[in-house]
Amino acid sequence: MHRLQLFPSILTADWSRIGEEIRAVTPYVDGFHLDVMDGHYVENLTFGPTLVEAVRRSCDLPLHVHLMITDPAKYAKDFADAGADRISFHPEVVPDAAAVITTIRDAGAGAGIAVLPEGKLGALSQNLAEIDVVLMMTVRPGFGGQGFLTEALPNVARVRAMIQERDSSADIEVDGGVKLPTLDAAVQAGGNIMVSGSGIYDGIDARAAARTLRQRLDQLDAAAAG
Ligand code: DX5
Ligand code: ZN
């Protein structure tokens, strides 16, 4: 298991050959990030548990489902049963984030809270002890291919400090606009799982792009090891 992990988002992958897209990059990645959008929480619609099952059949790596939906508790078990290893949700749309975390964990998946680029950290702070991953958004949720929002980086650093102060083992997954030019800043702010969608899948050579990002993460890992 790498200290710094790479999770491609399949949002901009070619879904007509999703199995090939998945297998092309598996030698260089630590899992996959699956963006579920319901057209209500965000102005976009993507996929449900059926595509998660297809990805599950294509590889054995961990699958992190990112629920950009208004009722995460209602569908958590469906995504866990489809093969999600972790499920992250946006707490601002639910009355009780702790109850959603319990629902996700009772379904057998790890739980994560998503934080918007300049989002408040209240719900995260109240529930940090119960979650496995903090999903730090560095774009506005809803679409791949957006620019990296550097104004989100202080929030990433605040969450890294909170995790260290409370001796939490939660990962920090940085999500949105992560490519070679923004990778170092995302790591230096405190992220340890890098999500890259259009940095890997956007009509480019996905295998080569994943390999390049992995090579840079290996260099950053080595530098941190001293
Ligand atoms: C945006 C999603 C991100 C996005 C990442 O709402 O949560 O996972 O797809 O894609 P890129 O890397 O292209 O920003
Ligand atoms: Zn995402």
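Here the structure is a predicted model, which means the values were calculated and not measured.

1. With respect to the nonpolar core
Counting 66 residues, the largest nonpolar core has Ile10, Phe32, Leu124 and Val134 as the members making the most contacts within it. Residue contacts for Leu124: discarding those within four places in its chain leaves Ile113, Val115, Ile131, Val134, Val159 and Met162. Listed in part, the 6 residues of the second largest apolar core include Leu11, Met37, Val42 and Met68.

2. Looking at the coordination of the zinc ion (ligand 2)
Donor atoms from the polypeptide that coordinate the zinc ion (ligand 2) comprise His33 (NE2), Asp35 (OD), His66 (ND1) and Asp175 (OD), at 2.1 to 2.2 Å from the metal. Metal-centred angles of 72 to 174° between the 6 donor atoms at the zinc ion (ligand 2) mark the site as octahedral. Look at where the donors of the zinc ion (ligand 2) fall in the sequence and you get H-x1-D-x30-H-x108-D. Taken as a pair, Asp35 in strand S2 (residues 32-37) and Asp175 in strand S7 (residues 171-175) lie far apart in primary sequence, 140 residues in all. Judged by its relative accessible area of 5%, Asp35 is buried. Exposure remark for Asp175: the relative accessible area of 7% places this residue in the buried category.

3. Topic: empty space enclosed by the protein
In the structure shown here, the tally under the stated rule is 1 cavity of 30 Å³ or more. Put simply, the largest cavity is a space of about 230 Å³. Along the walls of the largest cavity sit 26 residues, with Phe143, Gly144, Asp175, Gly176 and Gly177 positioned nearest its centre. Within the residue set of the lining of the largest cavity, elements represented by two or more residues are S2, strand S3 (63-68) and strand S8 (193-196). When grouped by side-chain class, the residues that make up the lining of the largest cavity number 9 nonpolar, 13 polar and 4 charged.

4. Observations concerning the site of ligand 1
Taken together, 19 residues lie near ligand 1, and Asp35, Gly142, Asp175, Gly197 and Ser198 sit nearest. One nitrogen or oxygen atom from the main chain of Gly145 is found 2.8 Å from an oxygen atom belonging to ligand 1. Between an oxygen atom of ligand 1 and a main-chain N or O atom of Gly197, the distance comes to 2.7 Å. The protein chains hide 100% of the 380 Å² of surface that ligand 1 would expose on its own. Cavity membership is defined here by more than half of the atoms lying within 2 Å of grid points; on that basis ligand 1 lies in the largest cavity. For the shell around ligand 1, the elements supplying multiple residues, two or more each, are S2 and S3. A total of 3 residues in the shell around ligand 1 trace back to one element, the largest contributor, which is S2. Each residue belonging to the shell around ligand 1 can be placed in one class, and the counts come to 6 nonpolar, 11 polar and 2 charged.

Cut-offs applied
- Every residue gets a number counted from 1 within its own chain, in the order that chain's sequence is written.
- Each chain is given a letter, starting from A, and each ligand a number, starting from 1, according to the order in which they appear as written.
- The predicted origin of the model limits local features to residues at a pLDDT of at least 70 and limits the giving and counting of side-chain atom pairs to 80 or more, whereas totals for whole chains, interfaces and linings rest on all residues.
- To get the side-chain values, all heavy atoms of the structure are used, and hydrogens and water are removed first.
- For the purposes of this section, nonpolar cores are sets of buried Ala, Val, Leu, Ile, Met, Phe, Trp, Tyr and Cys residues that join through side-chain atoms within 4.5 Å.
- To sort residues, take the accessible area from a 1.4 Å probe on protein chains only and compare it with the maximum for the residue type: under 20% means buried, over 50% means exposed, and anything in between is partly exposed.
- For this analysis, residues touch if any pair of their heavy atoms sits within 4.5 Å.
- Water is not part of the atom set, so a site may look incomplete; the donors themselves are N, O and S atoms within 2.8 Å of the metal, or 3.2 Å for Na, K and Ca.
- Here the metal geometry follows the donor angles, with tetrahedral for four donors whose angles all fall between 85 and 135 degrees, square planar for four and octahedral for six when opposite donors are more than 155 degrees apart and every other angle is between 65 and 115, and irregular for all the rest.
- Comment: elements are numbered from the N terminus, with helices defined as DSSP H or I runs of at least four residues and strands as E runs of at least two.
- Put plainly, a pocket is an open set of points on a 1 Å grid over the protein atoms alone with protein on both sides within 12 Å along at least five of seven lines, a cavity is a set where a 1.4 Å probe fits but cannot get out, and a lining residue has an atom within 4 Å of a point.
- Grid points are joined across faces, edges and corners, and a volume is the space filled by probe spheres set on the points.
- By the convention adopted, Pro, Cys, Tyr, Trp, Phe, Met, Ile, Leu, Val and Ala count as nonpolar, Lys, Arg, Asp and Glu as charged, and the other residues, Gly among them, as polar.
- Throughout, the term near means that a residue has one or more heavy atoms lying within 4 Å of the molecule or strand in question.
- In the analysis that follows, any N or O atom pair within 3.5 Å is treated as a polar contact, provided that within protein one partner can donate a hydrogen and the other can accept it, and provided that, for residues neighboring in sequence, both atoms belong to side chains.
- Residue exposure ignores everything except the shown protein chains as possible cover, and the areas themselves are Shrake-Rupley values with a 1.4 Å probe.
- Criterion for pocket placement: a molecule counts as inside a cavity or pocket if more than half of its atoms are within 2 Å of its grid points.

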